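Survey of secondary and tertiary structure
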Amino acid sequence: QKATHSENSQGKKSQHTEEANFYMNCRAAYLTVLKSSLENIKSREQLSLVLQQAGRNPSQKTINKYWTSQTTALNFDDFCAILKQEKPVTKTELLEAFGKIDTDKTGYILHDELYKILTTRGDKMTWDEVNTITKQADFNCGGKLDYSKFCELYLTTREQSCRTARERLEVGSRLRQQQFGNQTETSSEGITLPVPKPSPRISKKTDHRLPKGDSRAPSRPSSAQSGKASACPAVSVTSSGNRSTKLIEPDTMKEWHCAQSKGCFYLEDDGEIVSHKYRVHFPQRSSVCVTIKPLNVPQVEGESCHWLSVDTALFILKENETQENLQLVSFTEVQNREMFGWKGELGPGNYWLLPFTTGCRLRKGKPQITGEAKLVYRDDDGELALTKDFRAALLDIFETIDLDGNGLLSLEEYNFFELRTSGEKCDEEAWAVCKENFEMKKNELTRQGFLDLNLMEATDREGDPTDLWVTLVSLGYNKALEMTEACPFVIDISAERCKPRMKAMCLEAGGSQLSRAVCTAVVSKGQPQGLDGSEDIMVHTYRSERRITSVAENKSENKVIIRVNNEQSKNCLNSRGLTVFAVEVAPKSMMVCQHVVPLNEQEDWVYNCVHSLV
C-alpha cells in the first residue's frame, strides 16, 4: 500500500510539474511578443507570431481555425487553449512528410523540386524564403536537401528559441510579478485552464471577450511564494439531497398565467459551456415565479441520467434601451429538490433569462468507452434501418430540441439543432423541400419525420455513420449513445396578472453579460473579506444550500494574483479541478475564483478555503 501510495504521489508530482512547465512556456512565448499577459492578441499576424514563438509552425488554415470573421481579440487564456490543441510537430511527422516527396527513399530532395513544391502548394512561400531554407540547411549535398539533417536542425532551432524565451522571462522582473501558484517543500500543483476559444463545431459563434474578467478565469501554476494568507471561515453544510423549499403554495398559482420552454447546456471540446438564452416580455407589472431544473427525458425515465445532478440556475436581467444594456434583477436562489427558482415583482418590459451551470459536474471526463454503438443496419430486404438504440437516442434528442414541448419541430427549433450540429441554418426554401419529403403537421416536423430525416442521411452515405456520429457528439453523446456532455433543462414562468411571452433567442456561451451577472450577484449578496488587510482587494463568498461561489474584486490600480487553497475542504467539488490554484485579477475588475458544490449530495460537506496574495 505504501509503495502504491508513493507511486501515485510521484505520478501527481510529475503531472503537476509538466503542467507548470507548459504554462511557463506559454507565458514566455506570449511575453516575447506582448508586454503583458493581460494584453490581447489583436490580429491574425500577431497570433501567428506568438504561436511561432511557442515552437509551432501554424499554417493559414490553422490561423483561420482560431481567428474567425467574428474574432476581434484573443487573450492569454485563449492562447494557452490553442497550444493545448496544436501540438508541436515531431521528427517522425516531419520525416513522413518529406518521405511523401522522396518517393525513391534516397533521403534527399533536389532543391529544384523543393522550390517547386513550396512555392506552388499549401501556404505558398516566396523564392527568397525557400532560398533561405536551403542556405541554412546546406550540408554540402550538391543541390540536394538532406531532410533528416534538416529536421534535426529545425527541432534544435525550435527548442533553442523556446529556451531563450523562457530564460528571458526567468531573469526579468516579470517572473516575480506575473508567475503564481503553489509552492510546497515537495510539489508544485497546477490546474487545467477551463477557458473559451473559437468553437471548431460552430465557426460563426460570437467571440466574447470580458472587460471585467471572465467567470471562468485564468488559473495557472508556478512556483511563486504566497503572501499573507486570509482564511475564509469554514462553512459546514448539511446534506441537501432531500431538502425541499416551496417557492409558492400551489393553490395560489392555479389562476396564474404560464409560459414554458426547454433548452440545453452543451459542453464544448475545450470545456466551455454553451446554452440557449431567452427573452421574456411582461405587458404589465406582476408577481412572477421563475424556475429551472434539469429535464428528465421521458424515453429514459427510470434510468440513471447523470445530467439530473447538474446544478442549474437562471439570471434575470432587465433590458433597457438596447439588448446590450442589461441590468441584473436577481437570480434563482430557492431550492426545491433539483429545481431552483425565484419569486418577486417585475415591471412591464423585456427581460433576458441567462441559464447558468457552474461546470463542476458538467465537465470533460476521460473516455471509458472502447466500443461503438451501432446506428444503422440492413433489414431482410437489404434496406437500411435505424437500430433500436439509435432510434431511442434520436427521440431523446427530439424531446430536447422541441423547445415549446408541442411534439413538433418548428423551423426555428430545427435551426437551433442545425446550428449546433453543422453551424448552418435551414432557410424557408430548404424547409419547403423538407416538407415534401418528410412528415409534417402545420408546417412543423413530426417525430417520425425527424427519424426519417436521419435515416435519409445514413442512406445518402450508404450506411456510413460518420456524419451521424458528428451530430451525436455535438449534442453531448458518447460512443455508447449516452448523453454525458450535455444537460437538457426546462424553464417555467408563472405571472399573476399578465401572460408572459418567452422566446429562445440564441444558442451560445454565457459571455460577458453572464459573467458580470454572476460577479455582481455574489458581490451584492456574498460575505466580503479583505486580503492582507487591504480594502482594495476583496474576496466575496456567496453560499446557498447547493453551491458556493467566490469572487475576487480588485479595486486597485495594479493587477493582483490570488492563491486559492481548498486543502481543508471536505466532500467538495470545484469548477477548477484542483485543490490549489491561482487567479490573476486585472486592475479595477472582478472575476470568479471558483464555484464549489458537494461531491456527494447525500453527505455533509465543509468549505474551508484560504486565499492569499502572491
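Residues numbered from 1 in each chain as written. Predicted model: local features only at pLDDT ≥ 70, side-chain atom pairs only at ≥ 80, totals over all residues. Heavy atoms only, no water.

Comments concerning the nonpolar core
Put simply, the rule reads: To qualify as a nonpolar core, a set must consist of buried Ala, Val, Leu, Ile, Met, Phe, Trp, Tyr and Cys residues joined through side-chain atoms within 4.5 Å. Each residue's exposure class comes from its accessible area (1.4 Å probe, protein chains only) as a fraction of the maximum for that residue type: buried when under 20%, exposed when over 50%, partly exposed otherwise. To qualify as a helix, a DSSP run of H or I must reach at least 4 residues; to qualify as a strand, a run of E must reach at least 2; elements of each kind are numbered from the N terminus. Domain start and stop points were drawn from an automatic or database domain assignment. Residue contacts are counted whenever heavy atoms from the two residues lie within 4.5 Å of one another.
Ranked by size, the top nonpolar core spans 70 residues in total, and within it Phe282, Leu353, Ile397, Leu445, Phe450, Ile491 and Ile493 carry the most contacts. For this core, the leading source of residues is strand S17 (residues 486–495), giving seven residues. The two domains that each donate at least three residues to this core are domain 3 (257–364 + 487–514) and domain 4 (376–484). Setting aside residues no more than four positions away along its own chain, Ile493 makes contact with His257, Cys258, Ala259, Val280, Phe282, Val288, Cys289, Val290, Leu353, Pro500 and Met502. In terms of nonpolar packing, the next biggest core, distinct from the first, is built from 20 residues, Ala29, Tyr30, Val50 and Ile63 among them.

Brief notes about the pattern of salt bridges
Using the following cut-off: Take a side-chain nitrogen of Lys or Arg and a carboxyl oxygen of Asp or Glu: if they are within 4 Å of each other, that pair is a salt bridge.
Per the counting criterion, the structure on display carries 19 salt bridges. We note a salt bridge from Arg546 to Glu601, for which the minimum N-O separation is 2.6 Å. Of the two residues, Arg546 is situated in the loop between strand S20 (537–543) and strand S21 (548–554) and Glu601 in the loop between strand S25 (589–598) and strand S26 (605–607); the sequence distance between them amounts to 55 residues. Using a relative accessible area of 4% as the deciding quantity, one classes Arg546 as buried. Glu601 gets classed as buried once you look at its relative accessible area, which sits at 17%. One connected set of salt bridges, linked through shared partners, spans Lys262, Glu399 and Arg447.

Looking at the environment of Ala259
Within the element layout of this structure, Ala259 appears in strand S5 (residues 257–267). If we ignore the near neighbours within four places in the chain, the residues touching Ala259 are Ile491, Asp492, Ile493, Pro500 and Met502.

Observations regarding the UniProt feature "domain: EF-hand" (unreviewed entry) in the protein
Just so we agree on the cut-off: UniProt positions are given in the numbering used here, feature names are shortened, and annotations may be inferred rather than shown by experiment.
Those places that UniProt annotates as "domain: EF-hand" (unreviewed entry) correspond, in this numbering, to residues 89–124. As annotated, residues 89–124 comprises 58% helix and 8% strand, and the C-alpha atoms at either end are separated by 19 Å.

Observations regarding the packing of aromatic side chains
Each pair of aromatic rings is reported with the distance of its centres and the angle of its planes. Condition: Stacked, edge-to-face and tilted are the three classes for Phe, Tyr and Trp ring pairs, Trp counted by its six-membered ring, which pair at centre distances within 6.5 Å; planes under 30 degrees apart are stacked, over 60 edge-to-face, the rest tilted. Our definition puts a charge over a ring when NZ of Lys or CZ of Arg is within 6 Å of the ring centre and also within 35 degrees of the ring normal.
Counted under the stated rule, the structure contains 16 aromatic pairs. Where Tyr30 meets Phe79, the ring centres are 5.4 Å apart and the plane angle is 45°; that geometry is what we call tilted. Placement of Tyr30 in helix H1 (residues 2–33) and of Phe79 in helix H4 (residues 76–85) is noted, with a sequence separation of 49 residues between them. Take Tyr30 and Phe79: they sit in the same class, and that class is buried. Summarising the aromatic geometry, the rings of Phe315 and Phe331 are spaced 5.3 Å apart at their centres and angled 20° between planes, so their arrangement reads as stacked. One end of the pair, Phe315, is in strand S8 (residues 313–319); the other, Phe331, is in strand S9 (residues 326–331), with 16 residues separating them in the sequence. Just as Phe315 is buried, Phe331 falls in that class too. Among the aromatic side chains, those forming a connected cluster through ring pairs are Phe398, Tyr414, Phe417, Trp431 and Phe450. Over the face of the ring belonging to Phe76 we find Arg27, whose NZ or CZ atom lies 5.2 Å from the ring centre. Looking at Lys144, its charged tip hangs above the ring of Tyr108, at a distance of 4.7 Å from the centre.

A few points about the pairing of strand S24 (residues 580–585)
Here is the rule: If DSSP finds at least two bridges between two strands, the strands pair.
In terms of residue burial, S24 counts as a mostly covered element, since six of its six residues are buried. Across the two faces of S24 the burial is the same, with Val580, Ala582 and Glu584 and Phe581, Val583 and Val585 all buried. In terms of strand pairing, strand S22 (residues 560–565) meets S24 through six bridges, oriented antiparallel. Among the inter-strand pairings, Asn565 is bridged to a residue of S24, identified as Val580.

Re the side chain of Ser48
Locating Ser48 in the fold gives a position in helix H2 (residues 44–53). If we skip the residues at most four places from it in the chain, Ser48 touches Pro58 and Ile63.

Regarding the sheet that holds S20
Strand pairing in a sheet takes place through backbone hydrogen bonds and is either antiparallel or parallel in direction. Rules: Each axis is a line fitted through C-alpha atoms, taken for helices only over the stretch in contact, and angles between the N-to-C directions span 0 to 180 degrees.
Within the open sheet, the five strands sit side by side as S19-S20-S21-S25-S23. Their pairing is antiparallel. Strands with a single pairing partner mark the edges of an open sheet, and in this sheet they are strand S19 (527–530) and strand S23 (572–574). The mean angle between the axes of side-by-side strands here comes to 25°, regardless of whether they run parallel or antiparallel. Running at roughly 80° to S25, helix H15 (residues 511–525) makes contact with S19, S20, S21 and S25 of the sheet.

Notes on the side chain of Glu485
Tracing the backbone through its elements, the reader meets Glu485 in the loop between helix H14 (466–474) and S17. Overall, the relative accessible area of 19% leaves Glu485 in the buried class.

Remarks on the environment of Asp78
Position of Asp78 relative to the elements: it lies in helix H4. Residues Asp78 and Ile41, spaced 37 residues apart in sequence, show a C-alpha to C-alpha distance of 9.5 Å.

Here we look at the packing of helix H11 (residues 411–421) against H14
Inclusion rule: The cut-offs work like this: below 35 degrees is roughly parallel, past 145 is roughly antiparallel, 65 to 115 is roughly perpendicular, and the gaps in between are oblique. Residue polarity is assigned by list, with Asp, Glu, Lys and Arg as charged and Ala, Val, Leu, Ile, Met, Phe, Trp, Tyr, Cys and Pro as nonpolar; anything else, Gly included, falls into the polar class.
At a minimum axis distance of 9 Å, the contact between H11 and H14 shows a crossing angle of 105°. Comparing their axes, H14 and H11 come out roughly perpendicular. Residues Phe417, Arg420 and Thr421 of H11 form the contact with H14, whose participating residues are Val470, Thr471 and Ser474. Partitioning the contact of H11 with H14 into residue classes produces two nonpolar, three polar and one charged.

Some points on the state of the cysteines
Just so we agree on the cut-off: Any pair of cysteine sulfurs within 2.5 Å is marked as a disulfide.
Counted according to the given criterion, the structure contains zero disulfides. Looking at Cys26, it has no disulfide partner, and the nearest cysteine sulfur is the one in Cys80, 3.9 Å off.

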